[in-house]
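So the chains spell out like this:
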Amino acid sequence: MLQLANKGTAENAPSTDQFGEKRGEHPAIGAVEIFGSYKVTTADELVNAINTARSGNLITLSDGTFTLSSPLTLNKAITLQGSGNTVLQGKGSSRVIDINADAKIYNLTISCESNNKSQTGGGVIRISSGHPTIKNCTITGNYANNGGGIVVLNNSSAEIIGCTVTGNETDYMGGGILIEGSTAAITNCTITSNKSHDGGDGVCVSNGSAEITNCNISGNGESRGDGVYVRYKSTAKITNCTI
């Protein structure tokens, strides 16, 4: 087992990392690095791990709340895995996560302060490219111009599995989830108590496509398509859902 010393250095650590590259002065970057994975316990360690990780690496977050002053940017195919009792809390930030890769996010509660507002969409998560997976997460208490909880943009695609999307709000479309010019598969999710002022309180599909399976989409607001709003050149396949 690697023994970490002060200032992130390590006693008896190998001179190269698991990729064969020379280690710097602080090989553990303040987290525990084990064969391409990182275990983090603070927001600073999380940011450092994301910056250092390579595609295919796993970052495991401990129990507790990680308070973030700016969005996390995932532009590599890495995995963020919470414990089920891990909270990512945006503070003074327009959203919590920007995704531009085939990243994976598991077992996290993700929320922003109620007085924050994303002008460009995605109160919690904005997906601008890639094919990310969001699984077993709770997306709650967020506000944006479009896509109060999650927005999928720019011909990207997403898999949203086993998530609870609740208590989010938008000025325009997609109180819970907005799929704009993109595709998404939404499976085994609960999408409730979200609000839109222009359409799709639960889910809005605009110039895109969605497959929604085994979901509970109920108790959302009262705008157009309060459960699911499919607009313009869009398609939606809805199977075994409560709306």
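Whatever comes next refers back to the structure up there.
Residues numbered from 1 in each chain as written. Predicted model: local features only at pLDDT ≥ 70, side-chain atom pairs only at ≥ 80, totals over all residues. Heavy atoms only, no water.

Structural notes on the overall build of the protein
Which entries qualify depends on this criterion: Labels follow the DSSP assignment, with helices taken as runs of H or I lasting at least four residues and strands as runs of E lasting at least two, numbered in each case from the N terminus. Note on contacts: a residue pair is in contact if any heavy atoms of the two residues lie within 4.5 Å. Surface accessibility in these figures is a Shrake-Rupley result with a 1.4 Å probe; residues are shielded only by whichever protein chains are displayed.
Each helix and strand counted, the protein has 1 helix and 27 strands in total. The long-range share in the protein, meaning contacts at least 24 apart out of those at least 6 apart in sequence, stands at 66%. Only carbon and sulfur atoms are counted for the fraction: they give 45% of the accessible area of the protein, which is about 10,800 Å².

Overview of the sheet that holds strand S14 (residues 143-144)
Using the following cut-off: For two strands to be treated as a pair, DSSP must find at least two bridges joining them.
Spatial ordering of the open sheet is given by S14-S18-S22, a layout of 3 strands whose pairing is parallel. Looking along the sheet, the strands with just one partner apiece sit at the ends: S14 and strand S22 (195-196). Examined bridge by bridge, strand S18 (residues 169-170) and S22 share 2 bridges and lie parallel to one another. Residue pairing in the sheet places Thr-170 in a bridge with Ser-196 of S22.

Notes on the nonpolar core
Worth spelling out the cut-off: In this text, buried Ala, Val, Leu, Ile, Met, Phe, Trp, Tyr and Cys residues form a nonpolar core when linked through side-chain atoms within 4.5 Å. The rule is simple: take the accessible area with a 1.4 Å probe, protein chains only, and divide by the maximum for that residue type; under 20% is buried, over 50% is exposed, in between is partly exposed.
Ile-59, Leu-88, Ile-125 and Ile-186 are the most contacted members of the largest nonpolar core, which totals 49 residues. Residues in contact with Leu-88, not counting those within four places in the same chain, are Leu-46, Leu-61, Phe-66, Leu-68, Leu-72, Val-96, Ile-97, Leu-108, Thr-109, Ile-110 and Ser-111. Counting 6 residues, the second-largest nonpolar core is a separate cluster that includes Leu-153, Leu-178, Cys-204 and Tyr-229.

Description of the environment of Val-124
Structurally, Val-124 can be placed in the loop between strand S10 (104-112) and strand S11 (125-129). In contact with Val-124, other than residues within four places in its own chain, are Arg-95, Val-96, Ile-97, Ile-110, Ile-139, Asn-142, Gly-148 and Gly-149.

With respect to the side chain of Ser-196
Quick reminder of the rule: Whenever a nitrogen or oxygen atom comes within 3.5 Å of another N or O atom, the pair is scored as a polar contact, on the condition that within protein one atom can donate a hydrogen and the other can accept it, and that pairs from neighbouring residues in sequence are kept only if both atoms are in side chains.
Looking at the element boundaries, Ser-196 is found in strand S22. A polar contact is formed between the side chain of Ser-196 and the backbone oxygen of Tyr-172, at a distance of 2.4 Å. If sequence neighbours within four positions are ignored, Ser-196 has contacts with Thr-170, Tyr-172, Met-173, Gly-174, Gly-175, Asp-201 and Ser-223.

Describing the pattern of salt bridges
Put simply, the rule is: Here, a salt bridge means any Lys or Arg side-chain nitrogen found within 4 Å of an Asp or Glu carboxyl oxygen.
Within the structure shown, the criterion is met by 3 salt bridges. For the salt bridge of Asp-98 with Arg-95, the shortest nitrogen-to-oxygen distance reads 3.5 Å. Assessed through its relative accessible area of 4%, Arg-95 is described here as buried. In this structure, Asp-198 engages Arg-224 in a salt bridge whose closest nitrogen and oxygen atoms are separated by 2.9 Å. With Asp-198 in the loop between S22 and strand S23 (203-206) and Arg-224 in the loop between strand S25 (216-218) and strand S26 (228-231), the pair connects residues that are 26 residues apart, well separated along the chain. Look at Asp-198 and you get partly exposed, because its relative accessible area is 28%. Arg-224 gets classed as partly exposed once you look at its relative accessible area, which sits at 46%.

Let's talk about the pairing of strand S8 (residues 79-90)
By the bridge criterion, 3 bridges tie strand S5 (residues 58-61) to S8 in an arrangement that is parallel. Counterpart to Leu-58 in the pairing with S8 is Thr-79. Sheet topology note: the S8/S10 ladder contains 8 bridges and is parallel. Within the sheet, the bridge partner assigned to Leu-88 lies in S10 and is Ile-110.

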